[in-house]
Structures are given as structure tokens and as C-alpha cells.
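# Per-entry structural report
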Number of protein chains: 2
Amino acid sequence: MKDIILKGANYIGGNPSKNGDDIFYAINPRTGEKSELAYYEATKDEIGKACKLAHSAFNILRKTTNEERAKFLEIVSEEIMNLGDQLLEIADWEVALGLQRFTGERVRTCNQIKMFADYIREGKHEETIIDEEDPQTKLKRMLIPIGPVAVFGVSNFPLAFGVCGGDTVSALAAGCPVVAKGHPSHPQTSELFAVAMNKAIERAGFPKGTFSLLQGVKNITGKNLVLHSAIKAVGFTGSRGGGDSLFDLAASRTNPIPVYAEMGSINPVFITKSAINTRADKMAQEFADSITLGVGQFCTKPGVFFLPAFEGSIRFIKKIAEIMNGKKNQSLLNGNVYKSLVKMMEETQSLEGVELLIGGKIADQNFAFQNTLLKTDLSTYLKEERLKMEYFGPLALFVECDSQDQYLEVVDQLDGQLTGTIYLEKEDYKAIKPLFNCLKEKVGRLIINGVPTGVKVSPAMNHGGPYPATTAVRTTSVGMTAIQRFLRPICYQNVPEDLLCDNTK
Amino acid sequence: MKDIILKGANYIGGNPSKNGDDIFYAINPRTGEKSELAYYEATKDEIGKACKLAHSAFNILRKTTNEERAKFLEIVSEEIMNLGDQLLEIADWEVALGLQRFTGERVRTCNQIKMFADYIREGKHEETIIDEEDPQTKLKRMLIPIGPVAVFGVSNFPLAFGVCGGDTVSALAAGCPVVAKGHPSHPQTSELFAVAMNKAIERAGFPKGTFSLLQGVKNITGKNLVLHSAIKAVGFTGSRGGGDSLFDLAASRTNPIPVYAEMGSINPVFITKSAINTRADKMAQEFADSITLGVGQFCTKPGVFFLPAFEGSIRFIKKIAEIMNGKKNQSLLNGNVYKSLVKMMEETQSLEGVELLIGGKIADQNFAFQNTLLKTDLSTYLKEERLKMEYFGPLALFVECDSQDQYLEVVDQLDGQLTGTIYLEKEDYKAIKPLFNCLKEKVGRLIINGVPTGVKVSPAMNHGGPYPATTAVRTTSVGMTAIQRFLRPICYQNVPEDLLCDNTK
């Protein structure tokens, strides 16, 4: 297969567009090398054009059948596979997560597309309810697409949560055109996806405005997208600052729109004494692997572990440290992630009562960071706000507690989280029940005896949670019900089938 | 049955409370007479106490079974009936909608409570999804209550949308305690509901913080409620200004929360020439009744009619005018509604191109307003923003169009609406299809050949719509799915049944 020749462009309704004056480059985090190709920041005009095309496309897309959209999604998945190894190699060049990881992520990306295709084929997403008893008032309620959607791709999952990732695919499945803003860490990967998407749109005979890609590094580009009147909802995965600012912006519009921002989490883990006594070694391996997975750049990375202060815990922590020390230090996604982690570490190490167990220093490679473990006591943890923030990288904090009863105090102060985890033995059930019940109120997913990393794409998954984990506690960004974000109810009263069906369109 | 002796109080977790210095009175709109009893505006302390009690109550309520809550709701309905005729008489004294209307509204109020009881008994509202294929990752996703809810009662439905109305009942059904803010137009009616609710709470053995009632006339009272950290969602029905300001306030919180504000609508009606030719008389009666129902103070009142300019329309409009002229002029809900309608009418009558057909002047009774019809042409309508606003009262506007094709232009400019209606004959289906498809995008309920007033409480109802009809297009405030507003998903991963069930609570 011949490699696609990249253009450094935005793609506005299928057409490459480089009208702007501002350029930026992809940077290889392993080497610091700049991409040969310059990328053109989308202009306000280009954004407006993409949104207007999406608006027109919506008038066609909303009349497509579930079967037509399902077939289109399957073609999208085929065209992503048709990108071949070029996709994996470019993604690895841009964010350094390794070819093996991207091979797996591509499978996930295509599988989730096919799962949404199957899901809408069944029509369950329409959640149709019919009242017929009263012949005077026959009501049919169903969900219909909300309108054009703005999607912000992430840095840490360029495939599965990139410009053709879960947000885009669930919006398209719902019948909503997408204007995607690619993450500036991997513009080449985003461009490849746009090429695949455009081929699929052409093959399926879908309108060109079904998908546009905007490139850019500046905040104003995303802002102009969210403020465009044609946009009816926003999907975002990224930092707290980014999500908060899009949420505020969308609320300030003349017509406010929903922002589904998934903003990460510290994913606390609570461990009982019995669990440590029974299977410290197995857990140590699981935790070390989970903390360092994807160089610690998962939004579900377990960031803080609460455990009882006893000798078993000391041995247990030592074991985790040993395993993590044996793992290679790897480059972070990009310079911003690196700088922000270094700054946070400097601040944290200067705190009284916080002990550095391993790592904490910059590794010798470009943008690489040592696998790091910190330890503190409960009172220091409760006092220091800095310790409750997300450290995006291969780092975790242990908090020693005098007794498991103190876990309740921790949960009471906890912000909203994507996940919460409890490791325990059967004998703990009764004592841990109050913790379980309280933790439930703070999380989107509650895990027993398993690590939070690994967010399965399945009907029952919930990847969401109370603020600040997300800005929309009632929704998930992973799993089949993610489609609900881009649908809204309508009730047809006494509407004859001849008008409802689209054979006169 | 002995009448309940009212206290002029707030009810904080069951206890009457009058700690404030500010007082206000109920006013009989028919006579201008002030209530003997003074009502005490809730203080910031009282609001805080109610919210803290709701927070504590939530820790118990969220563990109740569906059956326990269903039984509780049935008791609430019984206790509302136990208020007897005092409820109807006081409501009529306060907002002058008539005893007959309140007798019907009480049936609706109690029926919707019993329907929610049946609905949660079935457990369908939990929307449980279970993935079991993968023994390593057993996922159970379900909806759980969101937390304490603030409910703002309305003026125009003191029973069905009052402090024990649809919002409160769907929140309680979900397992959420409610802090209700009563509308200042009917503080006595609200107090009666609080008495009934408190009896039900006691009979069911539910925690006292399950329900509190705040009285008040000042904006700051509602603001302090929405800003309280214990409140996790807001239900509101009322004016655009009120809904917008609560939405902005909730978005500005450190922890933003959803605001489900239903803010009314002009509910456009589009009529074809064939429909007028075929059944002008039947439609004239339906429209005259619908415009004047509840003295025109329904959020689904048809406010604007688009019809083709031909002789049939002139006769048709004349017929509606005749029927409406024959109807008694009645008092509006309160002085604010009256003043605002008078002001809007003055502004409208001064517009060039707008013709007053009937009414338009103040009637002789207190706060009464003449049944009013206005007429204009399409270009005036499209030009004048004033004509696109909601007139809350017995008033409607006819817009004559040169051809039905112009309806599309109207819909294109239309704001989001609770309802949209088309009157047509079978022969119009093909020609009207584009209008149907465009109108669908602007409304929460689309009606063929029927008036929009009359919002049935049923599984398939949707009472919502795109902004500015509501601030939450994905939700409904009437019908069984209204409960979704107060639920949010959680995913349990590998959680053993022993921990999930509450037998160790």
C-alpha cells in the first residue's frame, strides 16, 4: 500500500484548506525533532465554513436510516484499516506510545465503530415509547439527533479518542455531523483520519459536511468553534482547565449548548489490611503495571492509594517500588505534559510530610520522566490541596492511615471521580459497606479488586462521573450509551405514518 | 374534616419556621384583598438548614428500595386528598383559576404521583445494563439518584407543578430529597402541600429532610438555594428571565449543576388552506378554547397562527373572534402577570402593521384582561422581535402569509419551542413534508390536527424542547421519563452482590 502524502491541512467538508497565516509543527517527543511539514492553524473563516457545511449536512443526515448510518460507520472502520501501518508509525512518531500500543488501540478504535453500527441497527438508541390507549392523543416519543457536534480530540489516545474516536463515532451514529478539532500533539495522525473519513463519506454517498477537521494550537480556534451558532453540542476529553473554559463558553452563548467534558481524575484506591495480607504480591504487580500503563497518561490511572499503616503495607509498597524501578522510563506525550509534571513534582517535593520513594527526577531522554512513587500520612494529605490534584504521568501517591475507619473521612472530602476502587477480602464486606456506599456517590465507576485502567467499550460501561471528573454527570463518553449525549427526545402527537416516514423527502 | 390552621411559615424538615424579618402576603387577584396571614421570607440560615437536612436525608433515601419509595408516594397522594376542599378553595382564592379547574388539577396531581409509584416499582427507570461475557470484567450499569434537588413551583399550576408537583414527585421517585421554593402567588396553597407532605413523611418513616418548603418573594432566596453546595440539580418552570438567571447561577458554582428550566414558548400553529376549507368551524372552536384555557396562562398556549391569506381565512378568524368575544374575561394569576401583559400590549399596539381584532383593553375586574386577538402580515412578523415573544394571557396573533411556502421561512427563524402544530388535510402531506421536517428540529412535541394545550402525563409525553423553551433539550418535565433528570449512571465493576444489596446497611 502506498503511503498517503500529507498536506499539513485542515479538511473542510472533504477539501484540504490552508488559508491561515499561523503555522505549527508536530514534534517527536523522543528526539525533539520537528515535523518537516508545517500545519496551518484553522482560521475563523475556515471554522465558519466547516460549521455551515455541518449544518447543511445535518439536514440530510437526520433523514438517513439507522441501516444507512450503520453501513457508513462500517466503511469508516474499513478506511481506517486501509491507512495501514502508516497510521501506527505516524502516531508513534508524534506521541511515542509505541507501535504495540497503537496496534491494540487501532483494534479498539475499529471495534467501537462496528459496535455503534450494530447498536443503531437494533434501533434501541431511539428509546421509542408509544402511548396508544387514548385514541384522541396518540403519542410516540423517540430520540432524534441533536445537531452538528464539535469534538475535541485528546493527546493521550490519538486513535480511540482522536478525531475519529468515541465522541465522533457516537455523534455520527446518532446522525450528527462532526466538526473535529485535532489535538496539536498529533496533527499528522489527525490528518490521516480525515483522509480515511473523507473516503468513507464519498463511498457512502454521505454529504461532504458530515465531517471536517480543524487543526490548531491556539485556544481561540477551539473557542470560535464552540461559539458557532450551528454547533449544538460539544464532546471534549482533556484537562480540567480546558473543559471548564469550554463549559463556561458554551453556557455564555445566546443559545447555551451542552458540553460533555471528561476532565480526568485521581482515581483513588482503598486497600484493606486483609487484602494486603492475602495477596500483596499479585496486587503489587497489578498496581505497578496500572500506574505506568501508557506512561501513566490514562485518565483512569490510579493516582492515590489509601492503606493501613502496618508492616505489611511497608513491604507491599516496597514491592511496587521494586517493580516500577525495573520498568523503563519513557517519553511523555509532549513538552507541555512534561513541563507541567516537572513543575508539580517540584512543588510536591517541597511539601513537609511527603516522602519520595522512587524516581521524581527527569530521565535522560527527551521529555521522559522517571517512574515515581510518593508517600505521606493522612493528615498531610487532607491538608494539602496539591496532593489532591491529578499528576498526569507515571506517578502515584501512597497515603498511610491509622485505621480503615479514616477512609470515610477521605471520601467525604473527595471531589467527583471517574473511578473509585476498593481492594478487600470477603471478611471485610460488612466493615467496608459504609465506605462502598459513600464512594458510590463520588464516582462514575466503582471497582472491586481490580485496577481502574482499561475502560472496556461495552453496553454497560460508564466513563463519566460527578464534577470535576466531567461537566455532565448524567453521561458517559465510553460505551454504547455514549450515543445518548447526541440525541434528544421529541414527542409526535397524532402524527400519521405518512408524515413520519421519509419516503416523501 | 377540620380545616388546617395555616401558620405563614416555611417548613424546614417538617418544622414550621419563621425566623426572618421580611414578610409578604397572598393577594386575591379577583378582589385585590390581602391574606390575613403574613408569610415569612426564608432566611439564608433557614435555606442552609433545609439543604443540610436534605443532604442527610439523601444518605437514607438513596438506600430505600423502589417499593419503599412507591409506597411513600402513594401516601403522599392520600395526604393530598386528605387536605380536602380547603386545598381547592385556597388555591382558587390565591390565583383565581376556578374550583372546577382545581378539582381537575388535583386529580392530575394525584394521578401523576401514583404513575411514578407504579413506574419505579417496575424498576425500568434504573435502565440497568449488565455485561457478563467477560468473567474478568463483569459490568453492571444502572442509574442512581443524583442528590438533593431544588424545585421552583410555578404560579399557573399551583397543584400539578407546585411544590408537590411533577418536579418534586419525579425527584422523590428517583430517591432525591427536595427543597422546594413555593411561588409567592400562592403561599397558602404551598403551605397546605407542605403539611400533607410532612404527614406522609411521618407515616412512611422517611427522614425529615426528605422535603422542605421555602417561602419567599425575593430573587436572593432562590439564588441562595441554587448556590447551596448540597443541591445537585434544579427543577424550574417559569419565565425566560428566571430560568436564564438560575442557569447562569448554577453554571457559575464551584461545582456546576444541571438546571432543568422549562421557560415557556409561543407554540406556533401552521394551517393549510385545505384544512380551513374543510373544517373551519371545528378548528375555530378548538382554537378559541385553547387560547383562553386557564385564562391563556398555559406554557403550551398557541400564541401565533400562520395561515394563507384568502377569504376562507378571514371568515375563519372572524369565527374565532366571535367565540372568544362570547367568553367571560377573567382575572389573571397575579398583578405581575397583569402588568407585564398590559405593557406588552401597549408596545405591540403601537407597531405599524399590527391590527387589533378584539379585546386588547383592560377589563373592569381586578387584574382581568380582555380576550384578545391580533393580526399582522408575514413581513411585519419577521421584522418585529416583539411579535415573537410569549404573551402570557388570553391573547393570540394571526399572521397572514401569501403562500404556504413561506412557512418554511418562518420556521427557519423560529426559536426553540415546547410545541409546534400543523393543521392539514391528507392531500397536503407531500407539500407540507418539508415544513414538518424543519419544524421537528425546533420543537419538543409536534402535533398534527390538535391543539397544544393539554399535556398528558404518560410514558411517551415530552414536555421540553430546544433553548429557549428549556435550558436542557435532552429532558422532559412531564411524563415518566421526567425522572431521568434526577438520576445519573454508575458502573459497578466486579462488585459482589453482598456489597451491592443494602442488607448490611
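Residues numbered from 1 in each chain as written. Chains lettered and ligands numbered in written order. Predicted model: local features only at pLDDT ≥ 70, side-chain atom pairs only at ≥ 80, totals over all residues. Heavy atoms only, no water.

### A short note on the packing of helix α4 (residues 99-122) of chain B against helix α5 (residues 166-174) of chain B
Residues and elements named next belong to chain B. Under the convention used in this document: The convention used is that axes are lines fitted to C-alpha atoms, helices contributing only their stretch in contact, and that angles between N-to-C directions extend from 0 to 180 degrees. Numbering goes from the N terminus for both helices and strands, where a helix is a DSSP run of H or I of at least four residues and a strand is a run of E of at least two. When describing relative orientation, an angle under 35 degrees is termed roughly parallel and one over 145 degrees roughly antiparallel, while 65 to 115 degrees is termed roughly perpendicular and anything else oblique. Helix crossings are classified by the rotation of the near helix relative to the far one: an anticlockwise turn of less than a right angle makes the crossing left-handed, while a clockwise turn makes it right-handed. Every residue pair with non-hydrogen atoms within 4.5 Å of one another is taken to be in contact. When residues are grouped by polarity, Ala, Val, Leu, Ile, Met, Phe, Trp, Tyr, Cys and Pro land in nonpolar, Asp, Glu, Lys and Arg in charged, and all others, Gly among them, in polar.
For the pair α4 and α5, interaxial distance at closest approach is 10 Å and the crossing angle is 20°. It follows that α4 is roughly parallel to α5 by the angle criterion. Considering how the two elements wind past one another, α4 and α5 form a crossing that is right-handed. Every residue of α5 that contacts α4 at Gln-112, Ile-113, Phe-116 and Ile-120 is listed here: Gly-166, Val-169, Ser-170 and Ala-173. Here the contact of α4 with α5 is built from residues that sort into 5 nonpolar, 3 polar and no charged.

### A word on the environment of Thr-272 of chain A
Residue and element names in this part refer to chain A. Rules: Burial classes follow relative accessibility: with a 1.4 Å probe on protein chains only, a residue under 20% of its type's maximum area counts as buried, one over 50% as exposed, and anything between as partly exposed.
The topology assignment puts Thr-272 in the loop between β12 (269-271) and α9 (273-292). Taking relative accessible area as the criterion, Thr-272 reaches 1% and is therefore assigned buried. In the structure, Thr-272 is positioned 156 residues away from Asp-428 in sequence and 7.6 Å away in space, judged by C-alpha atoms. The contact partners of Thr-272, leaving out residues within four places of it in the chain, are Pro-308, Gln-404, Tyr-423, Leu-424, Glu-425, Asp-428 and Ile-432.

### Some remarks on the relation of the copies chain B and chain A
Inclusion rule: Here the copies are matched by least squares. The fit uses the C-alpha atoms of residues with pLDDT of at least 70 in both.
Its rotation angle being 180°, the transformation that places chain B on chain A also includes 0.0 Å of axial translation and leaves an RMSD of 0.0 Å. Interpreted geometrically, this transformation is the action of a two-fold axis. Across chain B, the rotation axis passes nearest the C-alpha of Ala-251 of chain B, at a separation of 3.6 Å. By residue overlap, the copies meet face to face through one surface: 100% of the interface positions of chain B are interface positions in chain A.

### A closer look at α5 of chain B
Residue and element names in this part refer to chain B. With respect to burial, α5 is a largely interior element, 9 of its 9 residues being buried. The complete set of buried residues in α5 reads Gly-166, Asp-167, Thr-168, Val-169, Ser-170, Ala-171, Leu-172, Ala-173 and Ala-174. Of the residues flanking the end of α5, it is Gly-175, one or two places downstream, whose phi is positive at about 105°.

### Some words on the domain arrangement of chain A
All names here are of chain A. To keep things clear, this is the line we draw: The start and end points of each domain follow an automatic or database-based domain assignment. Buried area: the accessible area, evaluated with a 1.4 Å probe, that two parts lose upon being put together, summed over both parts.
You can read the domains of chain A as domain 1 (39-263 + 470-500) and domain 2 (269-448). Look at where the C-alpha atoms of domain 1 and domain 2 centre, and you get two points 33 Å apart. The partner domain 2 presents 12 residues to the 13 residues of domain 1 that form the contact. Across the domain 1 to domain 2 interface the summed buried area is about 860 Å²; carbon plus sulfur atoms make up 56%.

### Focus on the nonpolar core
Here is the rule we go by: In plain words, nonpolar cores are sets of buried Ala, Val, Leu, Ile, Met, Phe, Trp, Tyr and Cys residues tied together by side-chain atoms within 4.5 Å.
Ile-271, Phe-287, Phe-316 and Tyr-381 of chain A are the most contacted members of the largest nonpolar core, which totals 146 residues. For Phe-316 of chain A, the contacting residues outside a window of four places in its chain are Ile-271, Ile-276, Ala-280, Met-283, Ala-284, Phe-287 and Leu-307 of chain A. Counting 145 residues, the second-largest nonpolar core is a separate cluster that includes Ile-146, Phe-206, Val-342 and Tyr-407 of chain B.

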